Amino acid sequence: MEYRISDKMKSLKPSAIREIFKALTDPTIISFAAGNPAPESFPVDDLARISADIFRDSATSALQYSVTEGYPPLREDVKARLSSRFGIGRDFDMTIITSGGQQGIELLCKTMCNEGDTVIVEDPSFIGALNAFRSCGAKLVGVGLEEDGVNIDALEAALKANPNAKIIYLIPTFQNPAGTCMSLEKRKAALALAKKYGVLILEDNPYGELRFAGEEIPTIKSMDEDGIVVYSGSYSKVLSAGMRIGFICGPEPVVQKMVVAKQVEDVHTNIFFQMLCHRYIAECDMDAHIAEIRALYLHKSGLMLSELDRNMPDCVKYTRPEGGLFIWCTLPDSISQSEFIQTAMKNKVAVVPGQAFNSDPDAPSQSFRLNYSTPSDEQIVKGVACLCDAVKSML
């Protein structure tokens, strides 16, 4: 039988990161390719205790259908933390729980975009979001990324050139993959442009709680007085990635339609994990837990950077993140990026090639992404040494 795959899906390529995961079944491979939180950051004992309590006292609620918008106590937790921690939430806003931050991204595109409409993205950007937009039939227009965030002049040029643009997708804080932070001035400028051209901003902030150096910068959503920013967050990086608990805060008319779209997809996010998340927030010290994660990532990023500084030739450039999970490295033009990636893998070190994060997946890249949260200290030292040796052998 000939299988006629839909136009939406037949041009969609597998996530390079998920494909790399398949190769990581070899325990001898050092992975700098994941975007996972550190396994030692999971509060296992507290989650085990709370889980037992839920199944003893509230098993029916934990195992039954629930409301699409999310477990009401958890929604209140999220609203309260968004308000107190980030200054987010206005009378026109509505907050719902999603199945990870990824679902919220896809739901907004599905809600707002017709096939052929434009989504403007940072270039490079998060591969999961790019594929979500592609799966909805959206046209991606990439805008170059600078050390302090998206190029504002190029952003306005893209808005002028694409009157059917519906969403500007930004990761202002510890950008994935680059690890950079957008300046306050650029956040204000992006918000002003969105208002001027009547386009929603999707502010994706899964790493915002993970600052371990530098000064806090207000979220774009905290400055939103006009209902033009939809904010996506997640507990994946601060509690558990596998629980798949994310959330959306945005203007109620938009979010209400996202609820309808979610009913079609999964009816509701896993209710047991929503209850578990709420109980953890209510009974444990979330701020102290996050402080421990920040200290851990300060150490791990510092170790990776110090090893790069000590061993990597000066021709390779890399970012110095103040939070989040990633370092973005760029090879000189004299080195073939694809050969470098292959050499690294032969030497048992996995990294993610930069083209995976391009708005145009066929565009070349000299960059690659490193993750420091998942590997052990020993793996960081050994893996970086292997990468440096690979570069030196190719010069």
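Please refer to the structure placed before this passage.
This is a predicted model, so every value here is computed, not measured.

Parameters at a glance
- Residues numbered from 1 in each chain as written.
- Predicted model: local features only at pLDDT ≥ 70, side-chain atom pairs only at ≥ 80, totals over all residues.
- Heavy atoms only, no water.
- Salt bridge = Lys/Arg side-chain N within 4 Å of Asp/Glu carboxyl O.
- Helix = DSSP H or I, 4+ residues; strand = E, 2+ residues; numbered from the N terminus.
- Buried < 20%, exposed > 50% of the residue type's maximum accessible area, 1.4 Å probe, protein only.
- Phe/Tyr/Trp six-rings, centres within 6.5 Å; stacked < 30°, edge-to-face > 60°.
- Lys NZ or Arg CZ within 6 Å of the ring centre and 35° of its normal.
- Contact = heavy atoms within 4.5 Å.
- Polar contact = N/O pair within 3.5 Å; in protein donor to acceptor, adjacent residues only side chain to side chain.
- Pairing = 2+ DSSP bridges.
- Right-handed = clockwise from strand over helix to strand, strands pointing away.
- Disulfide = S-S within 2.5 Å.

A. Local environment of the pattern of salt bridges. Scanning all chains against the criterion turns up 27 salt bridges. Residue Arg 320 is joined to Asp 309 by a salt bridge in which the shortest nitrogen-to-oxygen separation is 2.9 Å. With Arg 320 in the loop between β10 (317-318) and β11 (326-330) and Asp 309 in helix α12 (residues 286-311), this residue pair connects regions lying eleven residues apart in the sequence. The class for Asp 309 is partly exposed, based on a relative accessible area of 41%. Beyond isolated ion pairs, a larger network of salt bridges with shared partners links Asp 46, Arg 49, Asp 53, Arg 56, Asp 57, Arg 279 and Glu 283.

B. Broad picture of the packing of aromatic side chains. The tally for this structure, following the rule as stated, stands at eight aromatic pairs. With centroids separated by 5.9 Å and ring planes inclined at 85°, the aromatic side chains of Tyr 207 and Phe 326 adopt a geometry described as edge-to-face. Separated by 119 residues along the polypeptide, Tyr 207 in the loop between β7 (200-204) and β8 (229-234) and Phe 326 in strand β11 bring together distant segments of the chain. By relative accessible area, Phe 326 is classed as buried at 1%. Between Trp 328 and Phe 357 the ring centres are 5.8 Å apart and the planes differ by 80°, which places this aromatic pair in the edge-to-face class. Here the residue Trp 328 occupies a position in strand β11, and Phe 357 occupies one in the loop between β13 (352-353) and β14 (367-371), the gap between them amounting to 29 residues. Taken as a pair, Trp 328 and Phe 357 share a single burial class, namely buried. Each member of the aromatic cluster is reached from another via a ring pair, and the members are Phe 55, Phe 272 and Phe 273. When the ring centre of Phe 86 is taken as reference, the NZ or CZ atom of Arg 85 above it lies at 4.9 Å.

C. Structural view of the environment of Glu 216. Structurally, Glu 216 is set in the loop between β7 and β8. A relative accessible area of 43% places Glu 216 in the partly exposed class. Residues Glu 216 and Ile 271 lie 55 residues apart in sequence; the distance between their C-alpha atoms is 33 Å. Every residue in contact with Glu 216, bar those within four places of it in the chain, is listed here: Arg 85, Arg 211 and Arg 294. A distance of 3.1 Å separates the side chain of Glu 216 from the side chain of Arg 85, its partner in a polar contact.

D. Region of interest: the pairing of β7. Of all five residues in β7, five are buried; the element is thus mostly enclosed. Here β7 shows no split at all, with Leu 200, Leu 202 and Asp 204 on one side and Ile 201 and Glu 203 on the other all buried. Pairing geometry for strand β6 (residues 165-170) and β7, over four bridges, is parallel. Each bridged residue has a counterpart across the sheet, and for Tyr 169 the counterpart in β7 is Leu 202. A crossover connection joins β6 to the parallel β7 through helix α9 (residues 184-197); in handedness this β-α-β unit is right-handed.

E. The arrangement of the state of the cysteines in detail. Taken as a whole, this structure holds zero disulfides when the rule is applied. We note that Cys 284 lacks a disulfide partner, and the nearest cysteine sulfur, in Cys 277, lies 11 Å from it. Since its relative accessible area comes to 16%, Cys 284 is described here as buried. Considering cysteine sulfurs only, Cys 388 is the nearest to Cys 386, which forms no disulfide, with 9.3 Å between them.

F. Here's a closer look at unusual backbone geometry. Residue Pro 124 is bonded to the preceding Asp 123 through a cis peptide linkage, with omega at 15°. Mapped onto the elements, Pro 124 comes out in the loop between β3 (118-123) and α7 (127-135). Pro 177 follows Asn 176 through a cis peptide bond whose omega is 20°. Along the chain, Pro 177 falls in the loop between β6 and α9. Phi at Val 267 is positive, roughly 70°, even though this residue is not glycine. Structurally, the position occupied by Val 267 is in the loop between α10 (252-265) and α11 (271-283).

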